[in-house]
Amino acid sequence: MSESAGNAVLPFYILCDESGSMDANGGIDAVNRGLPELHATIAGDPLVSDKCRIGLITFSDIAEELLPLSNLSDVQAMPGCTAKGMTNYGEAFNLLRVVISRDIANLKSQGMQVYRPAVFFITDGEPTDDWEANYRALTDKAANKQAPNIIAFGVAGANPGVIGKIGTTAAFIANPGTDPGNALKEILKSLTNTILNSSSSSTPTLQVQQAPPGTTAVPLDTM
């Protein structure tokens with residue numbers, strides 16, 4: 001049994017839009033500046049890094065796992081995002097469901113107590129695919145006991161109604177006229193603070209932050 005046996009961990013996944021519009025909006029640059037700051041903050045706090053694991057999945061035409069779920073103190077540098085393609089939400093939800101199942105099994109095999117995963121979903125536009133069946137397969141707790149808590153963030157052309165459907169725990173939309181790059185900068189700070197506050201005790205518990213500056217909470221569609 002590993003020396004981590006018996007530890008409680010809270011997995012966090014960042015699902016980030018890599019569609020072409022993210023480049024035009026300055027979103028990719030903002031994300032690529034924010035991820036190293038998140039890494040430095042989390043990896044620099046031994047208590048927090050021990051209690052959480054972070055993974056990064058991006059989506060455009062396809063979904064890709066850029067960073068497998070990791071203890072950030074073991075990660076030398078965060079990968080960067082690259083703008084490309086369309087905005088296929090369904091690909092992201094399908095890959096996430098598979099990855100969560102794999103990761104929870106791996107963590108439990110190490111003797112860890114695994115709390116329900118949390119997901120930060122970030123997009124700057126509306127989906128270009130039929131995503132809802134894959135979303136239901138991910139989030140329906142009757143069908144998927146590992147269904148994550150999802151905090152959704154939308155900037156630029158994102159539809160508040162869609163963002164409210166995706167968030168299961170909280171959903172936020174950038175205020176009209178807010179520069180997408182600035183909004184994403186604040187969103188990455190909010191992610192970092194959520195991870196810090198949720199992972200700073202022996203029993204990690206998801207603690208969602210208030211709306212990042214430049215954003216507003218939107219109602220969740222709980223139907």
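Everything below is about the structure printed above this text.
Residues numbered from 1 in each chain as written. Predicted model: local features only at pLDDT ≥ 70, side-chain atom pairs only at ≥ 80, totals over all residues. Heavy atoms only, no water.

1. What to know about the pattern of salt bridges
Summed over all chains, the structure comprises five salt bridges. For the salt bridge of E18 with K84, the shortest nitrogen-to-oxygen distance reads 3.5 Å. Of this pair, E18 sits in the loop between β1 (8-17) and α1 (20-24) while K84 sits in the loop between β3 (63-70) and α4 (89-109), placing them 66 residues apart in sequence. Notably, a salt bridge pairs K84 with E64, separated by 3.0 Å at the nearest N-O pair. Taken as a pair, K84 in the loop between β3 and α4 and E64 in strand β3 lie far apart in primary sequence, 20 residues in all. For E64, a relative accessible area of 28% translates into the label partly exposed. Connected via shared salt-bridge partners are E18, E64 and K84. (Salt bridge = Lys/Arg side-chain N within 4 Å of Asp/Glu carboxyl O. Helix = DSSP H or I, 4+ residues; strand = E, 2+ residues; numbered from the N terminus. Buried < 20%, exposed > 50% of the residue type's maximum accessible area, 1.4 Å probe, protein only.)

2. Topic: the packing of α4 against helix α5 (residues 132-139)
Close contact between α4 and α5 brings their axes to 8 Å; oriented N to C, the two are set at 25 degrees. On the basis of the axis angle, α4 is roughly parallel to α5. As α4 packs across α5, the resulting crossing turns out to be left-handed. Residues G90, E91, F93, N94, L96, R97 and I100 of α4 pack against N134, Y135, A137 and L138 of α5. Classifying every residue of the contact of α4 with α5 gives six nonpolar, three polar and two charged. (Axes fitted to C-alpha atoms, helices over the stretch in contact; angles between N-to-C directions. Parallel < 35°, antiparallel > 145°, perpendicular 65-115°, else oblique. Left-handed = near helix turned anticlockwise from the far one by under 90°. Contact = heavy atoms within 4.5 Å. Nonpolar A, V, L, I, M, F, W, Y, C, P; charged D, E, K, R; others polar.)

3. Examining the side chain of S199
With respect to the helices, strands and loops of the structure, S199 is situated in the loop between α7 (180-198) and β8 (215-217). Polar side-chain contacts of S199 include one of 2.9 Å to the backbone oxygen of I195. Excluding its chain neighbours within four sequence positions, the residues that come into contact with S199 are F12, L47, V48, K51, C52 and P204. (Polar contact = N/O pair within 3.5 Å; in protein donor to acceptor, adjacent residues only side chain to side chain.)

4. What to know about the packing of aromatic side chains
Summed over all chains, the structure comprises 11 aromatic pairs. Taking the centre distance of 5.0 Å and the plane angle of 85 degrees together, the rings of Y89 and F121 count as edge-to-face. Of this pair, Y89 sits in helix α4 while F121 sits in strand β5 (residues 118-123), and the two are 32 residues apart along the sequence. You can call Y89 buried: its relative accessible area is 0%. Relative accessible area serves as the criterion here: at 0%, F121 is assigned to the buried category. Ring geometry for F93 and Y135: centres 5.2 Å apart, planes at 65 degrees, overall edge-to-face. Taken as a pair, F93 in helix α4 and Y135 in helix α5 lie far apart in primary sequence, 42 residues in all. Look at Y135 and you get buried, because its relative accessible area is 10%. (Phe/Tyr/Trp six-rings, centres within 6.5 Å; stacked < 30°, edge-to-face > 60°.)

5. Comments concerning the side chain of S49
Inspection of the secondary structure puts S49 in helix α3 (residues 46-51). Overall, the relative accessible area of 4% leaves S49 in the buried class. In this structure, S49 is in contact with I42, A43, N71 and S73, ignoring residues within four places of it in sequence.

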